[in-house]
Amino acid sequence: MRALAQIYSETGEKGLLSKRVLIVGNSEYCVKVASEAASIGAPITLISSRALVTQGMETEGRIEFFSPAALLEFQGTPGRFRAILGFDDGTRLYRDIGCVIVALEFEGRADFAYWGIESNDNIISLVDLEQRLQGGSIDLQAGSRVCFISGFNHCSHPVSQRRVVRAAKYLREKVGLDVFVIMEHFKVAEDNLERLMREARDSGVVFVKLTNQSPQLAIKNGRVFLSYYDEGLGAGVEMGADMIVLEEGIYPPDIAPYISRTLGIHLDNAGFLQGDFIHNPPIYTNRNGIFVVGSCKGPMGKDRALCEAKAVALEVERLFKQFDGGDEKATINWDSDRCAACLTCYRVCPHKAINFSDGKTVFYPLACRSCGICMAVCPMNAIELIENYEQGTVIESDFGLDLEYPLPQLVIFACQNSAYETYELAERKGLFLHSDFKVIKVPCAGSIDREALTWAFAYGAKVVVVAACHHDSCKSIEGSHFGEVRSRMVNEMLEDMGTGQEYLIFGTVAPGMVSEFTEMIRSAEEKIRMDSPI
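Residues numbered from 1 in each chain as written. Predicted model: local features only at pLDDT ≥ 70, side-chain atom pairs only at ≥ 80, totals over all residues. Heavy atoms only, no water.

**Comments concerning the environment of phenylalanine 207**
And then number 1: Position of phenylalanine 207 among the secondary structure elements: in strand S13 (residues 206-209).
And then number 2: Looking at phenylalanine 207, the relative accessible area reads 19%, which means it is buried.
And then number 3: Spatially, the C-alpha atoms of phenylalanine 207 and valine 179 are 8.7 Å apart, while their sequence positions differ by 28 residues.
And then number 4: If we ignore the near neighbours within four places in the chain, the residues touching phenylalanine 207 are Val165, Val181, Met183, Met197, Ala200 and Arg201. (Helix = DSSP H or I, 4+ residues; strand = E, 2+ residues; numbered from the N terminus. Buried < 20%, exposed > 50% of the residue type's maximum accessible area, 1.4 Å probe, protein only. Contact = heavy atoms within 4.5 Å.)

See below:
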């Protein structure tokens, strides 16, 4: 029997949705995020992997804080997340969670081994210097020489370069030291960073930029010496330094891989906590109800991080408004009689919107993004995607092709998030006035199954085009990859039949790429003309 997919709580019954926010952090930044989230009236559970001080946090009793604590287990969907927290004494705490905010900060590490030196009181990292300045424990006399080294063994970022320049300026103006900043590149993308650098230079800080070389460090008679080839002087330079300060490289949080696995969210290619997809920034992930803010996504200044703390609070408020009323609108029609309980849909869902409980497939609308991938992979055609809940209209896996017979010679399956928008723009520009083809709007390229493609050929199409998002821009994360794989499979089948592999074309296009889309269509039309009898 086909009916709207049932929505169950973890106990198998319809239940209330939690509005508690779990915040995972490792620094004072997560405290700020917790305060912003608490301002919308939501109860907060804040955990930090490091011991933190929360003095001055205005919570009015809405924030429970555990530090140090770890997220041991996590499962569920928005409003029904279930978290298990662990503590150093071995105790555990269970919490029902509405949504999650990951508010970790990046790790900064200075590589002393790269320079062939060991850290000591006069060879320190930038963060060590900042702590000394904060505590007023700089044990250097006026006229002493301090050398900062920025970059060379890592890609320096404006976020850390701002810290270098600010510290250098302070040491020159307030302590009266001779300050040199040796750098590979200077990047001024941060707000007012160029102005800060000019002020530091005017105060007497000397900036030295080296090209295709690194400075050399050596310890002679207990003192550090720095040498390099000065391109302006055309000669080598060696200077003694009373203190060497190494800028840290910026790296993902140490626990990023663990958080990624536990929460089921993607990392980017550098290991930071946000997948490389155009639809994720600024604060989203591949899962509804799980947000990431701050520098755990990559190098980020404090001002931008604080803006994200405010933005995520508004997004949480918007999500929780969907919880009100308790009426979750189903996104899937599921035929229980056809379902073979093979778990294929559960395994491929990129948003973890499907679960399997007590022998039943359970769909969670608040986690679903209506990509239709589950519909395409279901071997029993037991799933339909609901296009309009109010009208009760559905999308079937064959996209209603049996109602369109005969089809024109060219059929285009266009993803609604990219190619279809581009097609509509091209139509408004009048670029297809003399073309004869049919465009079928699909939720995602991953929702197109092999049957839909073969039906297109059976009903008159000579060339079929699957126009998808770029692989790194797919809203459904893996949808374009699924579409390409199925296109390849159908091509192989056509080749075995002697039809010719070029009759099915897979291509990617971004919204607004009209010239690329029209060229794709022109190529398909040319193929039809070449194969048609004269």
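On we go.
**Brief notes about the layout of surface pockets**
And then number 1: Put simply, the largest pocket is a space of about 1,400 Å³.
And then number 2: Along the wall of the largest pocket there are 39 residues; nearest its centre are Glu105, Phe106, Glu130, Arg163 and Lys302.
And then number 3: Elements supplying a minimum of two residues to the lining of the largest pocket: helix H1 (28-38), strand S9 (107-109), helix H2 (126-135), helix H3 (158-175), strand S18 (249-251) and helix H6 (302-323).
And then number 4: In terms of residue count, H3 provides more of the lining of the largest pocket than any other element does, 7 residues in total.
And then number 5: In this structure, the second largest pocket is lined by 28 residues; those nearest its centre are Asn288, Arg318, Leu366, Cys368 and Arg369.
And then number 6: A per-element tally of the lining of the second largest pocket places H6 first, with 4 residues. (1 Å grid on protein atoms, 1.4 Å probe; cavity = no way out; pocket = protein on both sides within 12 Å on 5 of 7 lines; lining within 4 Å. Points joined across faces, edges and corners; volume = space filled by probe spheres on them.)

**Brief notes about helix H4 (residues 193-203)**
Because an α-helix packs 3.6 residues into every turn, residues spaced three or four apart end up facing the same way.
And then number 1: All of the buried residues in H4 are Leu193, Leu196, Met197 and Ala200. Here the buried residues of H4 occupy an arc of 100° about the axis, which is enough to place them on one side.
And then number 2: Glycine 204 sits one or two residues past H4 and shows a positive phi near 120°. (Arc of directions from axis to C-beta.)

**Examining the packing of aromatic side chains**
And then number 1: One pass over the full model with this rule turns up 14 aromatic pairs.
And then number 2: Their ring planes at 85° and their centres at 6.1 Å tell us that tryptophan 115 and phenylalanine 152 sit as a pair that is edge-to-face. Taken together, the residues span a long stretch of sequence, with tryptophan 115 in the loop between S9 and strand S10 (123-125) and phenylalanine 152 in the loop between strand S11 (145-150) and H3 at a distance of 37 residues.
And then number 3: We classify tryptophan 115 as buried; its relative accessible area is 9%.
And then number 4: Between phenylalanine 186 and phenylalanine 207, the ring centres sit 6.3 Å apart and the planes meet at 65°, which makes this aromatic pair edge-to-face. (Phe/Tyr/Trp six-rings, centres within 6.5 Å; stacked < 30°, edge-to-face > 60°.)

**As for the sheet that holds strand S6 (residues 81-86)**
And then number 1: Sheet architecture is open: 3 strands sit in the order S5-S6-S7, paired in antiparallel fashion. Edge strands, defined here as strands with exactly one partner in the open sheet, are strand S5 (70-75) and strand S7 (92-97). Pairwise comparison of adjacent strand axes, ignoring direction, gives a mean angle of 25° for this sheet.
And then number 2: Examined bridge by bridge, S6 and S7 share 6 bridges and lie antiparallel to one another. Its bridge partner lying in S7, alanine 83 is registered against arginine 95. (Pairing = 2+ DSSP bridges. Axes fitted to C-alpha atoms, helices over the stretch in contact; angles between N-to-C directions.)

**Structural notes on empty space enclosed by the protein**
And then number 1: For the structure on display, the rule yields 2 cavities of 30 Å³ or more.
And then number 2: Put simply, the largest cavity is a space of about 130 Å³.
And then number 3: Lining the largest cavity are 16 residues, with Cys349, Ile354, Cys368, Cys371 and Cys374 positioned closest to its centre.
And then number 4: Here the residues of the lining of the largest cavity are counted per class, giving 12 nonpolar, 3 polar and 1 charged.
And then number 5: Approximately 110 Å³ is the volume attributed to the second largest cavity.
And then number 6: Cys339, Cys342, Cys345, Cys378 and Ile383 are, among the 14 residues lining the second largest cavity, the residues nearest its centre.
And then number 7: The class makeup of the residues in the lining of the second largest cavity is 12 nonpolar, 2 polar and no charged. (Nonpolar A, V, L, I, M, F, W, Y, C, P; charged D, E, K, R; others polar.)

**Side note on the packing of helix H9 (residues 419-428) against helix H12 (residues 514-531)**
And then number 1: Close contact between H9 and H12 brings their axes to 9 Å; oriented N to C, the two are set at 90°. With respect to H12, the axis of H9 lies roughly perpendicular. In contact with Ala419, Thr422, Tyr423, Leu425 and Ala426 of H9, H12 contributes Val514, Phe517 and Thr518. (Parallel < 35°, antiparallel > 145°, perpendicular 65-115°, else oblique.)

**Here we look at unusual backbone geometry**
And then number 1: Cis geometry is adopted by the peptide bond preceding proline 68, which originates at serine 67 and carries an omega value of -5°.
And then number 2: Secondary-structure assignment places proline 68 in the loop between strand S4 (63-66) and S5.
And then number 3: A cis amide bond links proline 281 to the next residue, proline 282, at an omega of 5°.
And then number 4: The residue proline 282 is located in the loop between helix H5 (256-263) and strand S19 (290-292) in this model.
And then number 5: For asparagine 192, which is not a glycine, the phi torsion comes out positive at approximately 65°.
And then number 6: When you line up the elements, asparagine 192 lands in the loop between strand S12 (178-183) and H4.

**Section: the sheet that holds S11**
And then number 1: With respect to topology, 5 strands assemble into an open sheet ordered S10-S17-S11-S12-S13, the strand pairing being parallel. The open sheet terminates on both sides in strands that have one partner only, identified here as S10 and S13. Looking at each pair of strands side by side, their axes are set apart by 20° on average, direction ignored.
And then number 2: Across 6 bridges, S11 lies against S12 in parallel orientation. Opposite isoleucine 149, over in S12, you have isoleucine 182 as the bridge partner.
And then number 3: The sheet strands contacting H2 are S10, S11 and strand S17 (243-246), and the helix crosses S10 at an angle near 90°.

**Some points on the nonpolar core**
The nonpolar side chains of a soluble globular protein tend to be buried, and buried together.
And then number 1: Membership of the largest hydrophobic core comes to 40 residues, with the highest contact counts inside it found for Leu410, Ile412, Phe413 and Val464.
And then number 2: When contributions to this core are tallied by element, the ones reaching two or more residues are strand S25 (410-415), H9, strand S26 (438-442), helix H10 (450-458), strand S27 (463-468), helix H11 (479-496) and H12.
And then number 3: For leucine 410, the residues in contact, after removing those within four places along its chain, are Asp436, Phe437, Lys438, Val463, Val465, Ile521, Ala524, Glu525 and Ile528.
And then number 4: One finds Val21, Ile101, Val293 and Phe323 within the second-largest nonpolar core, a separate group that totals 30 residues. (Core = buried A, V, L, I, M, F, W, Y, C linked by side-chain atoms within 4.5 Å.)

**What about the pattern of salt bridges?**
And then number 1: Tallying each qualifying case throughout the model produces 23 salt bridges.
And then number 2: Of the charged contacts in the structure, one is a salt bridge between glutamate 526 and arginine 529, with a shortest N-O distance of 2.9 Å. Here the residue glutamate 526 and the residue arginine 529 both occupy positions in helix H12, the gap between them amounting to 3 residues, near one helical turn.
And then number 3: Residue classification places glutamate 526 among the partly exposed residues on the basis of a relative accessible area of 36%.
And then number 4: A single salt-bridge network, built from bridges that share partners, covers Arg20, Glu64 and Arg95. (Salt bridge = Lys/Arg side-chain N within 4 Å of Asp/Glu carboxyl O.)

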